[in-house]
Amino acid sequence: MTLTSMRLPTTVVGSYPVVKGSGIRALMDPLKHAVEVAVADQVSAGIDIISDGQVRADMIRAFTSHLPGIRGSAVVGKVQPARQPITLADTRYALSRHAKVKGILTGPSTLAHGLKIETPFYRNKDELVLDLAQALAVEAGYLQDAGVMLLQIDEPIFSTGAANLTVGREAVSAIAGRLRVPTCIHVCGNLGHVVDDILRTNVAIFDFEFANNPANLEVLSKKDLRGRMIGYGCVDSADPGVESVETIRKRIEAGVDVFSPEAMLIDPDCGLRMRTRDEAFGKLKNMVVAAGLVRAEYTA
């Protein structure tokens, strides 16, 4: 599977620091400026596949606040699809500024574990996960129709041991199975005890962190990806320091030794929302330069 015409295309996990606007325009939409800044910075840094910046809210509330059946952090009835698209407007803006954009959803298992069940409609979170998947599949369809080139589902809960991974995989497949575009699952953290379960997920791309969790590279080196791609986290999102081009280059080269440049997308470990704008931009810019240097080594 080829996402772009080049080897080692660069992308992002999604979120970016929130830079709020001011003045009359900001009264209408306080976060529109933040979307514009996030998109402009990704384009300026040279990212090949950008996001909308995910600046509207935290990864749980960004979706649950729009879903019927959920009030605050409580599930109070049957969860149903949002009455209107949730991320479509910001994604369309990103598409108006760049040809290659990924749509991003917080996964059903991660959403479920951020909620309390306060209704007899659901006996447990496993039942909730499956209804959340159906709701998110509708949003995924909107993003696909808008023109995203891939759809990323964020499931950080998968590495914690708190989620039922059998149900989690079923829920992700319920979303991916309705799409024509490739689906990616992003899981941060240490994969040692869950990697086999995660690799059974029916998606085209697995996005993991390798900068902050270098042990993941050894874990994955022993696994058969069966033709799927790796989103290769090579920038430490938790570190405020901007890694040098050479540091990132060495991390990418370590990945190429295990996978192949045709099978890798280059990105940070996780979202960059908690970094300053200068830190986030510096990390992305150096990552793009490092990826270009490694790419040149494999271009005839």
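A few points on the structure. Residue positions are counted from 1 within each chain, in the order its sequence is given. Given that the model is predicted, a residue must reach a pLDDT of at least 70 before its local features are reported, and side-chain atom pairs must reach 80 or more before they are shown or counted; all residues, however, enter totals for whole chains, interfaces and linings. Where side-chain values are given, they derive from all heavy atoms of the structure, hydrogens and water being excluded.

**Regarding the overall build of the protein**
Here a strand is any run of E in DSSP of at least two residues, a helix any run of H or I of at least four, and the numbering for each starts at the N terminus. Counting secondary structure elements, the protein contains 11 helices and nine strands. At 18 Å, the protein has a C-alpha radius of gyration in line with the 19 Å of a compact globule built from 300 residues. Burial status follows relative accessibility: with a 1.4 Å probe on protein chains alone, a residue under 20% of its type maximum counts as buried, one over 50% as exposed, and anything between as partly exposed. By the burial criterion, 57% of the 300 residues in the protein qualify as buried. In this description, contact between two residues means that some pair of their heavy atoms is separated by no more than 4.5 Å. Considering only intrachain contacts with a sequence separation of at least 6, the fraction spanning at least 24 residues in the protein is 75%. Accessible surface, the protein: about 12,500 Å² in total, of which carbon and sulfur atoms supply 51%. The charge count treats Lys and Arg as positive and Asp and Glu as negative. His and the chain ends do not count. For this purpose, a charge sits on NZ of Lys, CZ of Arg, CG of Asp or CD of Glu. Counting 33 positive and 34 negative side-chain charges, the protein places the centres of these two groups 5 Å from one another. Each radius of gyration reported is based on C-alpha atoms, and the globular scaling rule is 2.2 Å times the count of residues to the power 0.38. All accessibility values rest on the Shrake-Rupley procedure with a 1.4 Å probe; residue burial counts only the protein chains present in the view.

**Let's talk about the pairing of strand 5 (residues 150-154)**
Of all five residues in strand 5, five are buried; the element is thus mostly enclosed. Side chains of strand 5 alternate between two faces, with Leu 150, Gln 152 and Asp 154 and Leu 151 and Ile 153 buried alike. Bridge analysis of strand 3 (residues 102-106) against strand 5 gives five bridges, and the strand direction is parallel. The partner of Lys 102 across the bridge, within strand 5, is Leu 150. Where strand 5 lies against strand 6 (residues 183-187), four bridges are found, and the strand directions are parallel. Considered in strand 6, the bridge of Asp 154 is made with His 186. Call a crossover right-handed when, viewed with both strands pointing away from you, the route from the first strand across the helix to the second goes clockwise. You can see the chain leave strand 5, run along helix 7 (residues 165-176) and come back into strand 6, and the turn it takes is right-handed. Being paired, for any two strands, means DSSP has found at least two bridges between them.

**A few points about the environment of Ile 175**
Its place among the elements puts Ile 175 in helix 7. Separated by 132 residues in the primary sequence, Ile 175 and Val 43 have C-alpha atoms spaced 28 Å apart. If we ignore the near neighbours within four places in the chain, the residues touching Ile 175 are Leu 105, Pro 108, Ala 133, Leu 136, Ala 137, Ala 140 and Ile 153.

**Here's the deal with the nonpolar core**
Phe 208 and Leu 220 are the most contacted members of the largest nonpolar core, which has 85 residues in total. Looking at which element gives the most residues to this core, the answer is helix 6 (residues 125-146), with nine residues. Counting residues in hydrophobic clusters, the runner-up holds eight residues, among them Cys 184, Ile 205, Met 229 and Leu 265. Residues grouped as a nonpolar core are buried Ala, Val, Leu, Ile, Met, Phe, Trp, Tyr and Cys residues, joined through side-chain atoms within 4.5 Å.

**Points about the packing of aromatic side chains**
Here a Phe, Tyr or Trp ring, Trp counted by its six-membered ring, pairs with any other such ring whose centre lies within 6.5 Å, and the pair is stacked when the planes are under 30 degrees apart, edge-to-face when over 60, and tilted otherwise. Scanning the model with the defined rule gives five aromatic pairs in all. Ring geometry for Phe 206 versus Phe 208: centroids 6.0 Å apart, planes at 20°, classification stacked. Taking the relative accessible area as the measure of exposure, Phe 206 reaches 0% and is therefore buried. Judged by its relative accessible area of 0%, Phe 208 falls in the buried class. With a centroid separation of 4.6 Å and 20° between ring planes, the pair formed by Phe 210 and Tyr 232 is classed as stacked. Of this pair, Phe 210 sits in the loop between strand 7 (205-209) and helix 9 (215-221) while Tyr 232 is found in strand 8 (residues 229-235), placing the two residues 22 residues apart along the sequence. Both residues of the pair, Phe 210 and Tyr 232, count as buried. Taken together, Phe 210, Tyr 232 and Phe 259 form an aromatic cluster joined through their ring pairs.

**Observations concerning helix 7**
For a helix, the expected span equals 1.5 Å multiplied by the number of residues minus one. Here helix 7 spans 16 Å end to end across 12 residues, near enough to the 16 Å set by a 1.5 Å rise per residue. Inspection of helix 7 places Leu 165, Val 167, Gly 168, Arg 169, Ala 171, Val 172, Ile 175 and Ala 176 among the buried residues, and these make up the whole buried set. Buried residues along helix 7 sit in contact with strand 3, helix 5 (108-112), helix 6, strand 5, strand 6 and helix 8 (195-199). Polar contacts, as used here, are pairs of N or O atoms within 3.5 Å; protein pairs need one atom able to donate a hydrogen and one able to accept it. Residues neighboring in sequence count only if both atoms are side-chain atoms. Near the N-terminus of helix 7, the side chain that reaches the backbone nitrogen of Thr 166, with its oxygen 3.1 Å away, is that of Asn 164.

**Some details on the layout of surface pockets**
In the cavity and pocket records, a cavity denotes points on a 1 Å grid over the protein atoms alone where a 1.4 Å probe fits but cannot get out, a pocket denotes an open set with protein on both sides within 12 Å along at least 5 of 7 lines, and lining residues are residues with an atom within 4 Å of a point. Grid points are joined across faces, edges and corners, and a volume is the space filled by probe spheres set on the points. As a volume, the largest pocket reaches approximately 890 Å³. Among the secondary structure elements, those contributing two or more residues to the lining of the largest pocket are helix 3 (61-64), helix 4 (88-97) and strand 3. At four residues, the largest contribution of residues to the lining of the largest pocket is made by helix 4. Side-chain classes follow a simple rule in which Ala, Val, Leu, Ile, Met, Phe, Trp, Tyr, Cys and Pro form the nonpolar group, Asp, Glu, Lys and Arg form the charged group, and the remainder, Gly included, forms the polar group. Taken together, the residues of the lining of the largest pocket sort by class into 19 nonpolar, 13 polar and 11 charged.

**Here's the deal with unusual backbone geometry**
When glycine is set aside, most residues are seen to have a negative phi, and most peptide bonds are trans. With a phi angle near 50°, Leu 8 is a residue other than glycine that sits in the positive phi range. A relative accessible area of 0% means that Leu 8 is categorised as buried. The residue Arg 226 is not glycine, and still its phi comes out positive at about 50°. Looking at where Arg 226 falls in the secondary structure, it is placed in the loop between helix 9 and strand 8.

**With respect to empty space enclosed by the protein**
Counted under the stated rule, the structure contains one cavity of 30 Å³ or more. Each pocket or cavity is described by its volume, and for the largest cavity that value is around 30 Å³. Ser 109, His 113, Asp 126, Val 129, Ala 163, Asn 164, Val 167 and Gly 168 are the residues that line the largest cavity. Within the residue set of the lining of the largest cavity, elements represented by two or more residues are helix 6 and helix 7. When the residues that make up the lining of the largest cavity are grouped by side-chain class, the tally is three nonpolar, four polar and one charged.

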